[in-house]
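# Overview (structure and organization)
Take a look at the letters that make up each chain.
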Amino acid sequence: MLKNDLLIKALLRQAVPRTPVWIMRQAGRYLPEYLKVRSQAGDFMTLCKTPELACRVTMQPLERFDLDAAILFSDILTIPDAMGLGLQFVKDEGPVFARPVRTKRDIVNLPIPDPIHELGYVVDAVKAIKTELNNKVPLIGFSGSPWTLATYMVEGGSSKVFSKIKGLIYEQPETAHLLLDKLAKAVELYLIAQIQAGVNVCMIFDTWGGVLTPQGYQDFSLQYMKKITAGINQYCANNNITIPVVLFTKQGGQWLESIADSNCHAVGIDWTVNIKQARELVGHKVAIQGNLDPAVLYATPAQIREHVKKVIYDFGPHNGHVFNLGHGIYPDVNPDHLTALIAAVKESSTQVLSSRA
Ligand code: CP3
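Not measured: the values here are computed from a predicted model.

### Some words on a positive patch on the surface
Positive charge collects at one region of the surface, where Arg 25, Arg 29, Arg 38 and Lys 91 lie side by side. When you line up the elements, Arg 25 lands in the loop between α1 (6-11) and α2 (32-41). Here Arg 25 falls in the exposed class, since its relative accessible area comes to 54%.

### Regarding the packing of aromatic side chains
The final tally for this structure, using the stated rule, is 8 aromatic pairs. Between Phe 142 and Phe 205, the aromatic rings sit 5.6 Å apart at their centres with planes inclined by 85°, giving edge-to-face as the arrangement. Of this pair, Phe 142 sits in strand β4 (residues 139-144) while Phe 205 sits in strand β5 (residues 201-206), and the two are 63 residues apart along the sequence. The residues Phe 142 and Phe 205 share a single accessibility class, namely buried. In this structure an aromatic cluster arises from ring pairing among Tyr 34, Phe 44, Phe 73 and Phe 89. For Lys 309, the ring lying beneath its charged end belongs to Tyr 313, and the centroid distance is 5.7 Å.

### Looking at the sheet that holds β4
Read across the open sheet, the 7 strands follow the order β1-β4-β5-β6-β7-β8-β9; overall the sheet is parallel. The open sheet has two edge strands with one neighbour each: β1 (70-71) and β9 (321-325). Here 2 bridges tie β1 to β4, and the two strands are oriented parallel to one another. Bridge pairing links Ile 71 to Ile 140 in β4.

### Notes on helix α4 (residues 51-64)
Over its 14 residues, α4 extends 21 Å from the first C-alpha to the last, a length consistent with the 20 Å expected when each residue adds 1.5 Å. Judged by how many residues are buried, α4 sits mostly within the fold: 10 of 14 residues are covered. Looking at α4, one finds that the buried residues are Pro 51, Leu 53, Ala 54, Cys 55, Val 57, Thr 58, Met 59, Gln 60, Pro 61 and Leu 62. Lining the buried residues of α4 we find α2, α3 (44-49), β1 and α8 (120-133).

### Observations concerning unusual backbone geometry
Each neighbour pair has its own omega, and for Gly 290 with Asn 291 the value is -5°, a cis peptide bond. Within the secondary structure layout, Asn 291 lies in strand β8 (residues 287-292). The phi dihedral of Arg 13 falls on the positive side, at around 60°, and the residue is not glycine. Looking at the element boundaries, Arg 13 is found in the loop between α1 and α2. Judged by relative accessible area, Arg 13 falls into the partly exposed class, the value being 31%. Despite not being glycine, Asp 92 has its phi angle at roughly 65°, a positive value. Structurally, Asp 92 can be placed in the loop between β2 (87-90) and β3 (94-97). Here Asp 92 falls in the exposed class, since its relative accessible area comes to 78%.

Rules of the game
- Residues numbered from 1 in each chain as written.
- Predicted model: local features only at pLDDT ≥ 70, side-chain atom pairs only at ≥ 80, totals over all residues.
- Heavy atoms only, no water.
- Patch = residues over 30% accessible without salt bridge, like charges linked within 9 Å, V, L, I, M, F, W, Y side chains within 5 Å.
- Areas by Shrake-Rupley, 256 points an atom, 1.4 Å probe, with all protein chains shown as cover.
- Salt bridge = Lys/Arg side-chain N within 4 Å of Asp/Glu carboxyl O.
- Lys, Arg positive; Asp, Glu negative; His and termini not counted.
- Charge placed at Lys NZ, Arg CZ, Asp CG, Glu CD.
- Helix = DSSP H or I, 4+ residues; strand = E, 2+ residues; numbered from the N terminus.
- Buried < 20%, exposed > 50% of the residue type's maximum accessible area, 1.4 Å probe, protein only.
- Phe/Tyr/Trp six-rings, centres within 6.5 Å; stacked < 30°, edge-to-face > 60°.
- Lys NZ or Arg CZ within 6 Å of the ring centre and 35° of its normal.
- Pairing = 2+ DSSP bridges.
- Expected span 1.5 Å × (residues − 1).
- Contact = heavy atoms within 4.5 Å.

Printed below as a string of structure tokens:
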């Protein structure tokens, strides 16, 4: 049994005495202790591929801050790496694939990785983290969405205009669907393997869904996240367990209703969405995770407190809020400002939720 199950309760829209909080990219470069372990490991992928080190950096933010969840330290690009694309993180450039996917033949030939064997380092990291956590807080497992993974795999790395992947969806939609379908199967197997190893929540990061048209989002992104969610829900029903699924589409605010209809338990929102409106629109169906602008952490602790209070009061005295930033924490943020943010979430949410009739 989890000692702190606020996150699970909030994701299932049950009553909590205060709003749980965790932070996207809570383990990472803004923490000097992370930079130390990364430099000892040599590089970021070695950190991800060494379960003891992945476990150590997962625990670092929990040692420093009063957080209500741990998130597996890994990356969304582990799946394409396991598919044989040759992932490297190049300084100042981000991820680069040695063998990007370009033709129909490349896509037909792509294997669907067996997570236990080809991503065994992730499964082992989850097990090590669960042991270390000793049920103190829940552990969040994650994957990229098929669409977001496809953007990196076809572009060969990060992109601004997405020419190649967008060229593919418009010129050869069937080939794009073949790729997305394979990725959806790979992601489903990967998340189920994480559940079997012990994660308590699954989150799907759709970082680039927001670059699609409304119809394109339905067809090329949401449809596949729905399939994965259905697969996880079915697995959980068969095994009599409850694992909340959170879908996060950055810049997906205009599609909240269709995301909320995808059988997920919670929707992550970025800071371009008004959280009060989001709750009024979909709060009767799903929990909402978010959505402070990560740049607020550049302000003073007193100012941060006011911005946090506004998010908490805008959401109001209702069930189903998980506090987070609208996207990952930036690497040049002062960690003490996160301490102030977390204290403010506890203070404001205790006030708001205790006012509930
Ligand atoms: O949230 C967490 O603390 C868990 C760890 C986590 C990382 N990446 C570690 C990481 C998670 C959940 C991710 C997800 C991820 N990775 C996403 C989706 C979320 C988002 O941010 O939109 C994406 C798009 C990636 C792909 C990725 N990984 C890029 C583009 C980069 C380089 C750019 C950057 O931010 O540095 C990474 C590297 C990465 N992933 C780092 C970390 C801590 C930095 C690596 C380093 O230490 O140099």
